[in-house]
Amino acid sequence: MISFVDKGCKRPLLILSGWGFDPLIFRLDALDFDLLLPKRPLFDPLLQVRKFLRERGPKRINVLGWSLGARIARDMAESEPELFDKVFLVSMCPFFPKKIIDNKMEELKRDRERALKGFYFTLFHGDRLAYMQFKRRHEKRCMAFWSTIELEQGLRYLEKDCSAMPLIKNVLVIHGENDPICPVEEAVDILPQKGQKKLILPCGHLPFLENGFYEAVNSF
């Protein structure tokens, strides 16, 4: 379920993408980490993480989750913090109202392709160039990454409340100040606890399109 890309960095990073996307949406060459890339959406990757640690030898891994992936990464780190070194939570929202989730479920049932394409357009709103690049390079692949059942599972996962941040160390929260999906004022608020930091970038729901994103992740 997970492929390993050994870049000789000696620090593995599991990437958990957002709803409707796959890990290749990131600039993988810009990350100074060895990479763990799911081949399908994962909602509980702990089994695969333990297997990797057992077979490859490191004591811990790093994890970067974006949007839905951030929710999953947060839950994993809270469940078994000893397995993780650094945790990057990107564009994480504490919860989504049931009405929004139900509406998106209905859109999926009516027309899966239209629902996904409409969601993509919303995320890239205001950045036509980035949207056109996404459509050309990534859209078809991202849509194939998710089955309809997995899309529904992802929506139900987002319905859960995660307003309380676990007391785990080495957490970097990255958020866009103009995020139309998870407004920054509604995003989970991390108290200034030891080892937990927050970075707000001048962007929307896609901070990994910003140059400062990769520098922040690599240097944390």
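Residue positions are given per chain, counted from 1 along the sequence in the order it is written. At least 70 in pLDDT is required for a residue's local features to be given in this predicted model, at least 80 for side-chain atom pairs to be given and counted, and no such filter applies to totals for whole chains, interfaces and linings, which use all residues. Based on all heavy atoms of the structure, the side-chain values leave hydrogens and waters out of the count.

**Things to note about the overall build of the protein chain**
Logical step 1: Each helix corresponds to a stretch of at least 4 residues labelled H or I by DSSP, and each strand to a stretch of at least 2 residues labelled E; elements are numbered beginning at the N terminus. Secondary structure summary: the protein chain contains 8 helices and 7 strands in total.
Logical step 2: Relative to the 2.2 N^0.38 estimate, which gives 17 Å for 220 residues, the radius of gyration of the protein chain is 16 Å and therefore close to what a compact globule would have.
Logical step 3: Dimensions along the principal axes, computed over C-alpha positions, put the protein chain at roughly 45 × 35 × 30 Å.
Logical step 4: Remark: exposure states derive from per-residue accessible area (1.4 Å probe, protein chains only) relative to the maximum for the residue type, with buried under 20%, exposed over 50%, and partly exposed in between. Here the protein chain, with 220 residues, has 52% of them falling under the buried criterion.
Logical step 5: The Shrake-Rupley method, run with a 1.4 Å probe sphere, supplies the accessible areas, and residue values consider only the shown protein chains as cover. In the form shown here, the protein chain has an accessible surface area of approximately 11,100 Å², with 52% of it arising from carbon and sulfur atoms.
Logical step 6: Computing the positive centroid from 35 side-chain charges and the negative centroid from 30, the protein chain places the two 4 Å apart. Both definitions apply: the radius of gyration is a C-alpha atom measure, and the globule rule equals 2.2 Å times residues to the power 0.38. In this charge count, Lys and Arg are treated as positive and Asp and Glu as negative; neither His nor the chain ends contribute. Taken as the charge location is NZ of Lys, CZ of Arg, CG of Asp or CD of Glu.

**Some words on the nonpolar core**
Logical step 1: Counting residues in hydrophobic clusters, the biggest one holds 76 residues, and the most contacted among them are Phe 21, Phe 26 and Phe 213.
Logical step 2: The element contributing the most residues to this core is helix H2 (residues 68-79), with 6 residues.
Logical step 3: In this view, Phe 21 contacts Trp 66, Phe 119, Tyr 120, Leu 123, Phe 124, Phe 134, Cys 142, Phe 145 and Trp 146; residues no more than four positions away in its chain are not counted. For this analysis, a nonpolar core means a set of buried residues of the types Ala, Val, Leu, Ile, Met, Phe, Trp, Tyr and Cys, connected via side-chain atoms within 4.5 Å. Should any heavy atoms of two residues lie within 4.5 Å, those residues are counted as being in contact.

**Side note on the sheet that holds strand S2 (residues 12-16)**
Logical step 1: By the convention used here, strands pair only if DSSP detects at least 2 bridges between them. Taking strand neighbours across the sheet as the criterion, the 7 strands line up as S1-S3-S2-S4-S5-S6-S7 in an open arrangement whose pairing is mixed. For this open sheet the edge positions go to strand S1 (2-5) and strand S7 (196-201), each flanked by a neighbour on one side alone. Neighbour-to-neighbour, the strand axes of the sheet open up by a mean angle of 20°, direction not taken into account. Think of each axis as a best-fit line through the C-alpha atoms, taken over the contacting stretch in the case of a helix, with angles from 0 to 180 degrees between the N-to-C directions.

**Re empty space enclosed by the protein**
Logical step 1: Buriedness for pockets is judged along seven lines, at least five of which must meet protein on both sides within 12 Å for an open set on the 1 Å grid over protein atoms alone, while cavities are sets there where a 1.4 Å probe fits but cannot get out, and lining residues have an atom within 4 Å of a point. Grid points are joined across faces, edges and corners, and a volume is the space filled by probe spheres set on the points. According to the stated counting rule, one finds 1 cavity of 30 Å³ or more in the structure shown.
Logical step 2: One number sums up the size of the largest cavity: a volume of about 90 Å³.
Logical step 3: For the largest cavity, the lining is made up of 13 residues, of which Leu 16, Ser 17, Pro 41, Leu 42 and Trp 146 are closest to its centre.
Logical step 4: As a working rule, the residues Ala, Val, Leu, Ile, Met, Phe, Trp, Tyr, Cys and Pro are called nonpolar, Asp, Glu, Lys and Arg charged, and the rest polar, with Gly in that last group. For the lining of the largest cavity, a count of residues per class yields 11 nonpolar, 1 polar and 1 charged.

**Thoughts on helix H5 (residues 128-137)**
Logical step 1: For H5, the complete set of buried residues consists of Ala 130, Tyr 131 and Phe 134. All buried residues of H5 lie within an arc of 100° about the axis, which places them on one face of the element. In H5, the exposed positions that point more than 90 degrees away from the buried face belong to Arg 128, Leu 129, Arg 136 and Arg 137.
Logical step 2: Contacts from the buried residues of H5 go to helix H4 (112-123) and helix H6 (139-145). As used here, the arc belongs to the directions running from the helix axis to the C-beta atoms.

**Brief notes about the pattern of salt bridges**
Logical step 1: By convention in these notes, a salt bridge is any Lys or Arg side-chain nitrogen within 4 Å of a carboxyl oxygen on Asp or Glu. Here the structure, examined in full by the defined rule, presents 13 salt bridges.
Logical step 2: Its salt-bridge partner being Asp 22, residue Arg 141 comes within 2.5 Å of it at the nearest N-O pair. Of this pair, Arg 141 sits in helix H6 while Asp 22 sits in the loop between S2 and strand S3 (34-38), and the two are 119 residues apart along the sequence.
Logical step 3: Classification of Asp 22 as buried rests on a relative accessible area of 3%.
Logical step 4: Asp 75 serves as the salt-bridge partner of Arg 74, at 2.7 Å between the closest nitrogen and oxygen.

**Details of unusual backbone geometry**
Logical step 1: Positive phi values are uncommon outside glycine, yet Lys 10 reaches one of about 65°.
Logical step 2: Mapped onto the fold, Lys 10 is located in the loop between S1 and S2.
Logical step 3: Although it is not a glycine, Ser 67 adopts a positive phi angle of roughly 60°.
Logical step 4: As for its position among the elements, Ser 67 is in the loop between strand S4 (61-66) and H2.

**Brief notes about the pairing of S2**
Logical step 1: Here S2 lies mainly inside the structure; 5 of its 5 residues are buried.
Logical step 2: Residue alternation in S2 divides its side chains into two sets, Pro 12, Leu 14 and Leu 16 and Leu 13 and Ile 15, and both sets are buried.
Logical step 3: Where S2 meets S3, 3 bridges bridge the pair, whose relative direction is parallel. Across the sheet, the residue bridging to Pro 12 is Asp 34, located in S3.
Logical step 4: Where S2 and S4 come together, 4 bridges link them in parallel fashion. Residue pairing in the sheet places Ile 15 in a bridge with Leu 64 of S4.

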